[in-house]
Amino acid sequence: MPTLTIDGTTHEFEDGDKVLQFCLDHGVEVPHFCYHPALSVPANCRQCLVKAGTPMFDRATKEPVLDDHGNQKINYFPKLMPSCALDATEGMVVHTQQDSEQVAEAQADNLEMMLVNHPLDCPICDQAGQCPLQIQAYKYGPEGSRFEFQKVHKPKRIQLGPNVVLDAERCINCTRCTRFTAEVTESHQLTIINRGDKNHPMTAPGETFDDPYSMNVCDICPVGALTEDYFRFKARVWEMSKTPTVSDFGGKGLNVDVWVRNNEVLRITSRANLDVNE
């Protein structure tokens, strides 16, 4: 089988593997936001950047080009690559933020840009405690913000439909929600409106987000932009116990997590198992 090297460790891979998913499958943590294994790959958040290259060969002789130590030289891409869209190839060498200062700095800079207009309201956000942005900003982001101006304001507490509430200021435009309604449910009820730092997901004028699977966008939203109407401000995730189980509705054996506080079920969320839930 073909092999690639990640942070100095060589792995075997299968043709068609993407570097990010391969890293996640093999316990190598690479921060990301827009990527989801059940959706298309837009590569728009740029958080999963890695340094990558392929072995060098002499164009005339097709022989490997060696360095002074007898090791084959690596021809690195001129810029950092989004690992979610990067195909693994034979002999590829990949450096993540754990092995490359350049990658770590790029990811920290990217997070700083994301947080320029993102409201720092974690204490009142329902996503607090389980928010990928919050977690990755703590692990990989800068220690503070250099932004000293008023943040951009966007619509808040928008009732998109009977089940989903939008806080547009928290959106990082990962487009997971719009891709879900376009590719999975095919209802196309959500799209990104406006441009630049004013854009956010929204329904068409006069339309209601009443997709039967609408609350799935709350599950896949990596921030607190899309929240379940029935659960808003009910409890913090650290106040509840989470029990993996199988749903008792629909008869399809959907894998879910049941969140309980004081013997009361407050929330039910989907559990990652694409073999069933997809």
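Note that the structure is predicted; figures quoted are calculated from it, not measured. (Residues numbered from 1 in each chain as written. Predicted model: local features only at pLDDT ≥ 70, side-chain atom pairs only at ≥ 80, totals over all residues. Heavy atoms only, no water.)

### Here's the deal with the side chain of Arg267
Under the convention used in this document: Runs of E in the DSSP output that reach at least two residues are strands. Runs of H or I that reach at least four are helices, and both are numbered from the N terminus. Under the scheme applied here, a residue whose accessible area is under 20% of the maximum for its type counts as buried, over 50% as exposed, and between as partly exposed, the area being computed with a 1.4 Å probe on protein chains only. Whether two residues are in contact is decided by their heavy atoms: any pair within 4.5 Å suffices.
Position of Arg267 among the secondary structure elements: in strand E14 (residues 264-270). For Arg267, a relative accessible area of 6% translates into the label buried. When neighbours within four sequence positions are excluded, Arg267 is seen to be in contact with Gln130, Glu228, Tyr230, Phe231, Val237, Asp257, Val258 and Trp259.

### Some points on unusual backbone geometry
Positive phi, close to 65°, is recorded for Asn194, a residue that is not glycine. Summarising the element assignment, Asn194 is placed in the loop between strand E9 (191-193) and strand E10 (200-202). On the accessibility criterion, Asn194 (49% relative accessible area) is partly exposed. You will see that Phe233, though not glycine, has its phi angle at about 60°, which is positive.

### Focus on the sheet that holds strand E13 (residues 255-261)
Backbone hydrogen bonds are what pair the strands of a sheet, in a parallel or an antiparallel way. For the record, the criterion: Any two strands are treated as partners once DSSP identifies two or more bridges connecting them. Axes here refer to lines fitted to C-alpha atoms; in helices the fit is confined to the stretch in contact. Angles between the N-to-C directions go from 0 to 180 degrees.
Across the sheet, which stays open at both edges, the 3 strands sit in the order E12-E13-E14 with antiparallel pairing between neighbours. The strands lining the two open edges of the sheet, one partner per strand, are strand E12 (241-246) and E14. This sheet shows a mean twist of 30° between the axes of neighbouring strands, independent of strand direction. Here E12 pairs with E13 via 6 bridges, running antiparallel. Looking across to E13, one finds that Thr243 is bridged to Val258.

### A word on the pattern of salt bridges
Put simply, the test is: Any Lys or Arg side-chain nitrogen found within 4 Å of a carboxyl oxygen on Asp or Glu counts as a salt bridge.
One pass over the structure, following the stated rule, counts 11 salt bridges. One salt bridge connects Lys156 with Asp167, and the closest N-O pair in it is separated by 2.9 Å. Here Asp167 lies in the loop between strand E8 (164-166) and helix H4 (176-184) and Lys156 lies in the loop between helix H3 (132-140) and strand E7 (158-159), a separation of 11 residues in the sequence. Judged by relative accessible area, Asp167 falls into the buried class, the value being 6%.

### Concerning the packing of aromatic side chains
Put simply, the rule is: Working definition: a ring pair exists when centres of Phe, Tyr or Trp rings (six-membered ring for Trp) sit within 6.5 Å. Plane angles under 30 degrees give stacked, over 60 give edge-to-face, the rest tilted. Criterion for a charge above a ring: Lys NZ or Arg CZ within 6 Å of the ring centre, and within 35 degrees of the ring normal.
Tallied over the full model, the rule gives 2 aromatic pairs. Both rings, one in Phe147 and one in Phe149, keep their centres 5.7 Å apart while their planes meet at 65°; by these two values the pair is edge-to-face. Their ring planes at 55° and their centres at 6.5 Å tell us that Tyr230 and Phe231 sit as a pair that is tilted. Residue class for Tyr230 comes out partly exposed when judged on its relative accessible area of 33%. Judged by its relative accessible area of 2%, Phe231 is buried. Taking the ring centre of Tyr76 as reference, the NZ or CZ of Lys51 above it sits at 4.7 Å.

### What about the sheet that holds strand E11 (residues 226-228)?
The strand order across the open sheet formed by 3 strands is E7-E8-E11, and the pairing between neighbours is antiparallel. Each edge of the open sheet is held by one strand with a lone partner, namely E7 and E11.

### Examining the nonpolar core
Condition: Residues enter a nonpolar core if they are buried and are Ala, Val, Leu, Ile, Met, Phe, Trp, Tyr or Cys, with the set joined through side-chain atoms within 4.5 Å.
Counting 29 residues, the largest nonpolar core has Leu133, Leu160, Leu166, Val217 and Leu226 as its most contacted members. In terms of residues, this core owes the most to one element, helix H5 (residues 216-220), which gives 3 residues. The residues touching Leu133, leaving out its near neighbours within four places in the chain, are Phe33, Leu111, Met114, Leu115, His118, Ile172, Pro222 and Val223. Counting 19 residues, the second-largest nonpolar core is a separate cluster that includes Tyr35, Ala43, Met92 and Val94.

### Remarks on the environment of Thr227
Here is the rule we go by: Counting of polar contacts relies on pairs of N or O atoms within 3.5 Å, with two restrictions inside protein: one atom must be capable of donating a hydrogen and the other of accepting it, and residues adjacent in sequence are counted only when both atoms are side-chain atoms.
Take Thr227: it is sitting in strand E11. A relative accessible area of 4% means that Thr227 is categorised as buried. Along the backbone, Thr227 and Gly129 are 98 residues apart, and their C-alpha atoms lie at a distance of 14 Å. When neighbours within four sequence positions are excluded, Thr227 is seen to be in contact with Asp126, Asn163, Val164, Val165, Cys218 and Arg232. Within the structure, Thr227 has its side chain in polar contact with the side chain of Arg232 (distance 2.9 Å).

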